[in-house]
Amino acid sequence: MGYLKLNHQDSINTCRLYYLYAQSIGFVMFHAAIIAVFMGRLGGKLVDRRGTRYTLYVAFSMLTIGLLCLSAVSGLLPWVIGLSLIFLNSALTFMQSSLAKEVSSALPKEQTGIGMGIYNLIIFMAGAISGAVMSKVVEFNWGSVNFTTVGVPTTFGTVYFSLAVLAVLNIGWVYLKIGRQEAAMLRAAVKI
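Residues numbered from 1 in each chain as written. Predicted model: local features only at pLDDT ≥ 70, side-chain atom pairs only at ≥ 80, totals over all residues. Heavy atoms only, no water.

### Topic: the confidence of the model for the chain
Parts of the prediction with low pLDDT should not have their coordinates interpreted in detail.
Then step 1. For the chain, per-residue confidence averages 78 on the pLDDT scale, and residues scoring 70 or more make up 76% of the total.
Then step 2. The element-level mean pLDDT for the chain is lowest in helix α1 (residues 2–18), coming to 51, with helix α3 (residues 52–73) highest at 87.
Then step 3. Per-residue pLDDT stays below 50 along residues 1–6; that stretch engages in 23 contacts with residues further than four places along the chain or on separate chains. (pLDDT = per-residue confidence, 0-100. Helix = DSSP H or I, 4+ residues; strand = E, 2+ residues; numbered from the N terminus. Contact = heavy atoms within 4.5 Å.)

### A look at the pattern of salt bridges
Then step 1. Following the criterion strictly, the structure yields one salt bridge and no others.
Then step 2. Salt-bridge contacts for D48 lead to K101; the nearest nitrogen and oxygen are separated by 3.3 Å. Of this pair, D48 sits in helix α2 (residues 22–50) while K101 sits in helix α4 (residues 78–106), placing them 53 residues apart in sequence. (Salt bridge = Lys/Arg side-chain N within 4 Å of Asp/Glu carboxyl O.)

### Brief notes about the nonpolar core
Then step 1. Residues F60, L63, L67 and L85 are the most contacted members of the largest nonpolar core, which totals 32 residues.
Then step 2. Among the elements of the structure, α2, α3, α4, α5 (112–139) and α6 (155–191) are those that each provide at least two residues to this core.
Then step 3. For this core, the element with the highest residue contribution is α3, accounting for 10 residues.
Then step 4. Excluding residues within four positions of it along the chain, L63 makes contact with L88, A91, M95 and A167. (Core = buried A, V, L, I, M, F, W, Y, C linked by side-chain atoms within 4.5 Å. Buried < 20%, exposed > 50% of the residue type's maximum accessible area, 1.4 Å probe, protein only.)

### Quick word on the environment of L67
Then step 1. Tracing the chain through its elements places L67 in helix α3.
Then step 2. Considering only alpha carbons, one finds L67 and A167, 100 residues apart in sequence, at a separation of 8.9 Å.

### Here's the deal with the packing of aromatic side chains
Then step 1. Within this structure, the stated rule accounts for zero aromatic pairs.
Then step 2. Here the guanidinium or amino end of R50 rests over the ring plane of Y54, the centre of that ring lying 4.0 Å away. (Phe/Tyr/Trp six-rings, centres within 6.5 Å; stacked < 30°, edge-to-face > 60°. Lys NZ or Arg CZ within 6 Å of the ring centre and 35° of its normal.)

### Topic: α5
The periodicity of an α-helix, 3.6 residues per turn, causes residues three or four places apart in sequence to face the same way.
Then step 1. End to end, α5 covers 40 Å across 28 residues, agreeing with the expected 40 Å (1.5 Å per residue, within 8%).
Then step 2. Regarding α5, the residues found buried are G115, M116, Y119, G127, S130, G131, M134, V137 and V138. (Expected span 1.5 Å × (residues − 1).)

### Focus: the packing of α2 against α4
Then step 1. Here α2 crosses α4 at 30°, and the two axes come no closer than 7 Å. When the interaxial angle is binned, α2 and α4 end up roughly parallel. By crossing handedness, the relation of α2 to α4 is classed as right-handed.
Then step 2. Residues that form the contact of α2 with α4 fall into these classes: 15 nonpolar, 10 polar and two charged. (Axes fitted to C-alpha atoms, helices over the stretch in contact; angles between N-to-C directions. Parallel < 35°, antiparallel > 145°, perpendicular 65-115°, else oblique. Left-handed = near helix turned anticlockwise from the far one by under 90°. Nonpolar A, V, L, I, M, F, W, Y, C, P; charged D, E, K, R; others polar.)

### What about the packing of α3 against α4?
Then step 1. Contact geometry of α3 with α4 gives a least axis separation of 8 Å together with a crossing angle of 155°. Taken together, α3 and α4 sit at an angle that is classed as roughly antiparallel. The way α3 lies across α4 gives a crossing that is left-handed.
Then step 2. Of the residues in the contact of α3 with α4, the class split is 20 nonpolar, six polar and two charged.

### Comments concerning a nonpolar patch on the surface
Then step 1. A contiguous nonpolar surface patch, about 510 Å² in accessible area, is contributed by L121, F124, M125, I129 and V133.
Then step 2. Within the secondary structure layout, F124 lies in helix α5. (Patch = residues over 30% accessible without salt bridge, like charges linked within 9 Å, V, L, I, M, F, W, Y side chains within 5 Å. Areas by Shrake-Rupley, 256 points an atom, 1.4 Å probe, with all protein chains shown as cover.)

### Here we look at α2
Then step 1. Compared with the 42 Å implied by 1.5 Å per residue over 29 residues, the 40 Å span of α2 between its first and last C-alpha is a close match.
Then step 2. In the structure, α2 departs most strongly from a straight axis at M29, where the bend amounts to approximately 30°.
Then step 3. If you check which residues of α2 are buried, you get I25, V28, M29, A32, A36, G43, L46 and V47.
Then step 4. At the exit of α2 stands G51, carrying a positive phi of roughly 100°. (Bend = angle between axes of the 7 residues up to and from the residue.)

See the structure below:
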């Protein structure tokens, strides 16, 4: 969720660094959004064919790659940032497909409607809260902390690197949480 709010902050960053007008910034970000629409369909098929856990691994891996790319190229050419956004937007559509399927399949039929409503409310609230948190984080001058950048270290690069580390931790959490649950269910099925 934090990335979603930083996506808006990235447009402000792009404006400050490259002196681009709004339509130019929109052009940098537009193609990633269009590709994400088509990748959403692929993500839905991937969830149906390979399952939610596999799709979450793919999504977090794409998210990590995109954030590391943004961390490294923050302050460089705008088209490179646009390419990084393809990974990020596609990862978010994969994640949304996977999580929605996981929530809807975990709930009994009579609770699916309210459960999906609460799920969407939580996603909405997380977006609002992460926007406030990310705005405060970006206010600090953390530019010199980033060691992955190709050009001049920037605050945005440092924040993107921190979010990449968080994405890697989430991959581990998904592996431990969902992997253990699936193993326990498999052991229970074998005992029956």
